[in-house]
Amino acid sequence: MATVVPISKSPLPCSTQSPWSSSLSFWTPKKAANFVAWTTKVALPLALLFKGLQRRATMRHCRSRTSPAYGSIPNPRTLYDFLGVDHRADTSTIRKAYLAKQKMVHPDVAGDNAQEVSMLLNSAFDVLRDPEKRSAYDASLHIDPHVEDDDDDGPTWPWTAKERRGEKVIYKGRPRSRSLWERVPDEDRGDRWEQQKFLFIDELKCISCWNCVECAPKSICMDADHVRARVYAQWGNSEDDLEWAVKSCPVECISWVSRQELQVLEHVTAEHMNSMGCVRHRPFTKPTHLPHLAEKWVERRRRDSEMARKRMALASKHFNVTMEQFQQQLRSAMLKLPPDLRQAAFS
Ligand code: SF4
């Protein structure tokens, strides 16, 4: 008798049956209709909403990277702010600040995006390194024009090293000799000290007799180049010693002067001596009256400053206009800079 093999309803054995077969059996037409309705009413709007929020966040992020608020774009109001220096800074400080910034934003280092800022840095430095342009610019800002001079009129002043021989003598608004006025002991003071008087030697009249040097060696020396007596330290000796030095001069070329007179006379003397070069052991061929030279120098300086003031008044109007354009250019140039560099260079 033949064995009857039961015939399975499934066309395939259980191990090879499709996994979808059970899930397909789950989807009845009603369930499928419900799923489509749920998808269109809930899931799809939620997905769209999420996608929209995501896109808006991305756009906001991208916009913020190019917006002025991103990285807080510096907005310097003056050229001094732009270079990051005080308006009283001297030229060497301004130069250092300029070079430091230029090292960061030069197109060779920072690329083409920094070219405009680099050019504006050049323009700013060009104005601030030129005394006349700088004074005109200061006038346009209504701040006191920068002066390299020290116009303090007190009996003591900061002492600086002398220029080297042959260099142009520059007037710095203070005497070339140093002052020990405040260090004079009480017992060595007198009327001249009270009146804040100082010694000046007319080197053009000096005959190098050494009398004054012997009387006041801590105040007067013999200049090595010209072999003429010169006061190198005011009030290095007592008032009695200084008075004795004045009286010991056979040609009466030592006198008591005020600080204002002293700084002009010493400057004019230095200018004159510098123009003559080294005259060791050689008499001056043309005797010159130093006080007369000083008067002429003061008059020339007054005329020069008056002309400079007029030029500044004209130039300051020009700067008022150009600064507005400069600030606009600067703003657009700053926007092109990478934010990190902008922060590093101008924060
Ligand atoms: S005393 Fe008069 S002449 Fe003699 S070295 Fe002094 S300044 Fe010159």
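Please read all numbers here as calculations on a predicted model, not as lab measurements.

Here's the deal with the overall build of the chain
And step 1. Assigned secondary structure in the chain consists of 13 helices and six strands.
And step 2. Evaluated residue by residue, the chain yields a buried proportion of 34% over its 347 residues.
And step 3. Counting only contacts in the chain whose residues sit at least 6 apart along the sequence, the fraction spanning at least 24 positions is 68%.

Here's the deal with the site of the ligand
And step 1. Neighbouring residues of the ligand: 15 residues in total, closest Cys206, Cys209, Cys212, Cys249 and Cys253.
And step 2. In this structure the site holding the ligand corresponds to the second largest cavity.
And step 3. Each residue belonging to the shell around the ligand can be placed in one class, and the counts come to 13 nonpolar, two polar and no charged.

Looking at empty space enclosed by the protein
And step 1. Following the criterion strictly, the structure yields three cavities of 30 Å³ or more and no others.
And step 2. For the second largest cavity, the calculated volume is near 50 Å³.
And step 3. Together, Ile201, Cys206, Ile207, Cys209, Trp210, Cys212, Ala229, Cys249, Pro250, Cys253 and Ile254 line the second largest cavity.
And step 4. Split into classes, the residues belonging to the lining of the second largest cavity amount to 11 nonpolar, no polar and no charged.

Observations regarding a nonpolar patch on the surface
And step 1. A contiguous nonpolar patch, built from Trp27, Phe35, Val36, Trp38, Val42, Leu46, Leu49 and Leu53 and spanning about 810 Å² of accessible area, is present on the exposed surface.
And step 2. The exposure class of Val36 is exposed, given its relative accessible area of 51%.

With respect to the side chain of Thr78
And step 1. The residue Thr78 is located in the loop between α2 (29-66) and α3 (79-83) in this model.
And step 2. In this structure the side chain of Thr78 is engaged in a polar contact, spanning 3.0 Å, whose partner is the backbone nitrogen of Asp81.
And step 3. Residues in contact with Thr78, not counting those within four places in the same chain, are Tyr137, Leu141 and Met323.

Observations regarding the pattern of salt bridges
And step 1. According to the stated counting rule, one finds nine salt bridges in the structure shown.
And step 2. Asp186 is paired through a salt bridge with Arg189; the nearest N and O atoms lie 3.2 Å apart.
And step 3. Judged by its relative accessible area of 31%, Arg189 is partly exposed.
And step 4. Taken together, the shared-partner salt bridges in this structure form one network comprising Glu203, Asp223 and Arg230.

What to know about the nonpolar core
And step 1. Counting residues in hydrophobic clusters, the biggest one holds 37 residues, and the most contacted among them are Leu199, Ile201, Cys212, Ile220, Ala229, Trp235 and Ile254.
And step 2. If you list the elements that add at least two residues to this core, you get β2 (198-201), α9 (211-215), β3 (220-222), β4 (229-231), α10 (239-248), β6 (254-257), α11 (259-276) and α12 (290-336).
And step 3. A total of five residues in this core trace back to one element, the largest contributor, which is α11.
And step 4. Discounting chain neighbours no more than four positions away, the residues touching Trp235 are Leu180, Trp181, Val184, Arg192, Trp193, Lys197, Phe198, Ser219, Leu242 and Trp256.
And step 5. Counting residues in hydrophobic clusters, the runner-up holds 28 residues, among them Phe82, Tyr98, Val105 and Leu128.

As for the environment of His226
And step 1. The topology assignment puts His226 in the loop between β3 and β4.
And step 2. Using a relative accessible area of 7% as the deciding quantity, one classes His226 as buried.

Section: helix α7 (residues 131-141)
And step 1. Here α7 has its buried residues at Arg134, Ser135, Ala136, Tyr137, Asp138 and Ser140.
And step 2. His142, located one to two residues past α7, shows a positive phi value of around 60°.

Regarding the packing of helix α4 (residues 91-105) against helix α6 (residues 115-129)
And step 1. In contact at an axis separation of 10 Å, α4 and α6 are set at 175° when each is read in the N-to-C sense. As summarised for this structure, α4 and α6 are arranged roughly antiparallel, according to the angle between their axes. Only Val117, Ser118, Leu121, Asn122, Phe125, Leu128 and Arg129 of α6 make contact with α4, whose side of the interface consists of Thr91, Ile94, Arg95, Tyr98, Lys101, Gln102 and Val105.
And step 2. When its residues are assigned to classes, the contact of α4 with α6 shows seven nonpolar, four polar and three charged.

Re the side chain of Arg228
And step 1. Within the secondary structure, Arg228 sits in the loop between β3 and β4.
And step 2. Of the side chains with opposite charge, Glu203 lies nearest to the buried Arg228, which makes no salt bridge, at 6.9 Å.

Let's talk about the confidence of the model for the chain
And step 1. Model confidence for the chain is summarised by a mean pLDDT of 78, while 76% of its residues fall at 70 or above.
And step 2. Of the regions scoring below 50 in pLDDT, residues 1-20 engages in one contact with residues more than four places distant in sequence or in other chains.
And step 3. Below a pLDDT of 50 lies the segment residues 62-70, which in the model reaches seven contacts outside its immediate sequence neighbourhood of four places, other chains included.

Rules used in this analysis
- Residues numbered from 1 in each chain as written.
- Predicted model: local features only at pLDDT ≥ 70, side-chain atom pairs only at ≥ 80, totals over all residues.
- Heavy atoms only, no water.
- Helix = DSSP H or I, 4+ residues; strand = E, 2+ residues; numbered from the N terminus.
- Buried < 20%, exposed > 50% of the residue type's maximum accessible area, 1.4 Å probe, protein only.
- Contact = heavy atoms within 4.5 Å.
- Near = heavy atom within 4 Å.
- 1 Å grid on protein atoms, 1.4 Å probe; cavity = no way out; pocket = protein on both sides within 12 Å on 5 of 7 lines; lining within 4 Å.
- Sits in = over half its atoms within 2 Å of the grid points.
- Nonpolar A, V, L, I, M, F, W, Y, C, P; charged D, E, K, R; others polar.
- Points joined across faces, edges and corners; volume = space filled by probe spheres on them.
- Patch = residues over 30% accessible without salt bridge, like charges linked within 9 Å, V, L, I, M, F, W, Y side chains within 5 Å.
- Areas by Shrake-Rupley, 256 points an atom, 1.4 Å probe, with all protein chains shown as cover.
- Salt bridge = Lys/Arg side-chain N within 4 Å of Asp/Glu carboxyl O.
- Polar contact = N/O pair within 3.5 Å; in protein donor to acceptor, adjacent residues only side chain to side chain.
- Core = buried A, V, L, I, M, F, W, Y, C linked by side-chain atoms within 4.5 Å.
- Axes fitted to C-alpha atoms, helices over the stretch in contact; angles between N-to-C directions.
- Parallel < 35°, antiparallel > 145°, perpendicular 65-115°, else oblique.
- Lys, Arg positive; Asp, Glu negative; His and termini not counted.
- pLDDT = per-residue confidence, 0-100.

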